[in-house]
Amino acid sequence: MELAAPAFRRYLLLLAQEHLEFRLPEISSLLSLCGGKFSGEQEIRVNSPFWILNIPSEEMARGLMKRTVCAKSIFELWGHGRSEGELYASLKNYPVDKMLPYLQSDSTYKVHIHTFNKTLTQAQKIKKIDALEFLPFKGKVNLKNPEHIFWILEDYGMNPNNVPEEPFHLYFGRWIADGQRELIESYSVKKRHFIGNTSMDACLSFIMANHGRVKPNDVVYDPFVGTGGLLISSAHFGAYVCGTDIDYNTIHGLGKASRKNQKWRGPDENIRANLRQYGLEKYYLDALVADSSRPIWRKGMLFDAIITDPPYGIREATRRTGSQKEAVKSVERSTENHIFVSSNYHLSDIFFDLLKFAAEYLVMGGRLVYWLPIYRPEYTEEIIPRHPCLKLISNCEQMLSSHTSRRLITMEKVKEFKRL
């Protein structure tokens, strides 16, 4: 006996118009985390702020919005078209039995209008709302605190210098949930106790955690932890976090401050204090002074995700521990006379070691998410480091200048690591 396939409902996703390349991998990763998958039938125009998704349940749609920082809102799609006539015809074909639970006489509602790339007058908005009188609304309008909110969404294209009179696409749907865009402000690096020269932007930190499919009770590791910015986003989603860094001063919150008008770091500037600031200290395992190129861990699959921003020489030097016999790069002293010798650590070695480490220490299905620096005129996909145990999931570019960029690489462990 064959099980019936789940009945998919159509949802409209309203996305933020930033980090465009990162949106599809984020939504796809979160759908799989919620138990769904991204089918080829989805109506996706990659650069558009409006995507139509087929999702099995409203519960899964809400689960997606509890995590995403790339999407603003999601709606149960009742109708759409390329003209008002097409929209109204589509709405008339939507099953009445699916509408009625939200249109009862004892319910309250309001209709909101959202336009992309055009501003409407209040009179124009009222005219569009009045045109929906054929829908069987029986409840009372309540603009302040309605039970149900319905949205008319209109897409006037991507060119602000050539805005059409009529929209290219129109949608109508029931609002389900908003995304987590407020995290970008509440976790802003500007408000953080402990920062460094390369502390990761909050939005990108959450995108990395979502690409890594971080979930409650995971153990997430950052081998180049720095000031711990990437640990914070994973801890916010309920994962236990730890990291290592070669810089003794950074791990212990010592030495010169990165903030303007501040010479030395204060007593409460450290990774633990950062997590405490957001009420996440209980998820902090520890951070160790260690060299990521030298093994310190017991053998076995220890981590559910490895999320990191390796030092690649744009604002941070790359180095590893050496011996006195090696070519000495520098001798560093902390305020407590901690001494180590560091030698050159070539960029290619960093990524070779990182992929090998991930292949060995990630659980099966665990993900490695990291930044790869690129010289754009010479970039081809062949230069992305590979490992037979790791499958490339996504590759997203963030431009830094006309010639340089960095790519967020997400890989998944699909094969057991064999030790030689």
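Residues numbered from 1 in each chain as written. Predicted model: local features only at pLDDT ≥ 70, side-chain atom pairs only at ≥ 80, totals over all residues. Heavy atoms only, no water.

The protein chain goes by tRNA (guanine(10)-N(2))-methyltransferase TRMT11 in an unreviewed UniProt entry, where it is assigned to Lepidothrix coronata. Recorded in UniProt for the protein chain, the comment headed Subunit (unreviewed entry) runs: "Part of the heterodimeric TRMT11-TRM112 methyltransferase complex; this complex forms an active tRNA methyltransferase, where TRMT112 acts as an activator of the catalytic subunit TRMT11." Heading Sequence similarities (unreviewed entry) of the UniProt record for the protein chain holds this comment: "Belongs to the class I-like SAM-binding methyltransferase superfamily. TRM11 methyltransferase family." (UniProt positions renumbered as here; feature names shortened; annotations may be inferred.)

Right, let's talk about the overall build of the protein chain for a bit. From N to C terminus, the protein chain includes 11 helices and 17 strands. In the protein chain, buried positions account for 51% of the 420 residues. Within the protein chain, residue pairs in contact and separated by at least 24 positions form 72% of the contacts whose partners lie at least 6 positions apart. Carbon and sulfur atoms provide 51% of the accessible area of the protein chain, an area that totals close to 21,100 Å². (Helix = DSSP H or I, 4+ residues; strand = E, 2+ residues; numbered from the N terminus. Buried < 20%, exposed > 50% of the residue type's maximum accessible area, 1.4 Å probe, protein only. Contact = heavy atoms within 4.5 Å. Areas by Shrake-Rupley, 256 points an atom, 1.4 Å probe, with all protein chains shown as cover.)

Reading predicted coordinates in detail is not appropriate for stretches of low pLDDT. Looking at the protein chain as a whole, the pLDDT averages 87, with 84% of positions reaching at least 70. The low-confidence segment residues 1-5, where pLDDT is below 50, has zero contacts with residues more than four positions distant or belonging to other chains. Under a pLDDT of 50 for its full length, residues 314-319 has, in the predicted model, 19 contacts with residues more than four places off or in other chains. (pLDDT = per-residue confidence, 0-100.)

Moving on, we get to the pairing of strand β17 (residues 404-413). With nine of its 10 residues buried, β17 lies for the most part within the structure. Where strand β15 (residues 362-375) meets β17, nine bridges bridge the pair, whose relative direction is antiparallel. Across the sheet, the residue bridging to W371 is L408, located in β17. Here strand β16 (residues 390-399) runs beside β17; their pairing, made up of nine bridges, is antiparallel. Residue pairing for β17: E397 is matched across the bridge by R407. Joining the antiparallel neighbours β16 and β17 is a turn of four residues. (Pairing = 2+ DSSP bridges.)

Sheet strands associate in pairs through backbone hydrogen bonding, adopting either a parallel or an antiparallel arrangement. Taken in spatial order, the seven strands of this open sheet run β10-β9-β8-β11-β15-β17-β16, and their pairing is mixed. With one partner strand each, in any of the chains shown, β10 (284-289) and β16 form the two edges of the open sheet. Averaged over all neighbouring strand pairs, the angle between strand axes comes to 15°, with direction disregarded. Its contacts with the sheet place helix α1 (residues 20-33) against β15, β16 and β17, and it is angled at close to 145° to β16. Set on the sheet, helix α11 (residues 347-361) makes contact with β8 (219-222), β11 (303-308), β15, β16 and β17; between it and β15 the angle comes to about 170°. (Axes fitted to C-alpha atoms, helices over the stretch in contact; angles between N-to-C directions.)

Below, the discussion takes up α11. Residues separated by three or four positions in an α-helix point in the same direction, a consequence of the helix having 3.6 residues per turn. Helix length check: α11, at 15 residues, gives a terminal C-alpha distance of 21 Å against a target of 21 Å (1.5 Å per residue), a fit within 8%. Of the positions making up α11, those classed as buried are I350, F351, L354, L355, F357, A358, A359, E360 and Y361. (Expected span 1.5 Å × (residues − 1).)

This next bit is on unusual backbone geometry. Non-glycine residue H19 carries a positive phi angle of around 50°. For H19, a relative accessible area of 21% corresponds to the partly exposed category. Here the phi dihedral of N117 falls at roughly 75°; this positive angle occurs in a residue that is not glycine. Mapping N117 onto the fold places it in the loop between β4 (108-116) and α5 (122-130).

Let us now look at the packing of helix α7 (residues 202-211) against helix α8 (residues 229-236). Their axes nearest at 9 Å, the elements α7 and α8 cross at an angle of 60°. Our classification of the angle between α7 and α8 gives oblique. The chirality of how α7 crosses α8 is right-handed. Note on element contacts: α8 touches α7 through G229, L230, S233, S234 and H236, opposite S205, F206, M208 and A209. (Parallel < 35°, antiparallel > 145°, perpendicular 65-115°, else oblique. Left-handed = near helix turned anticlockwise from the far one by under 90°.)

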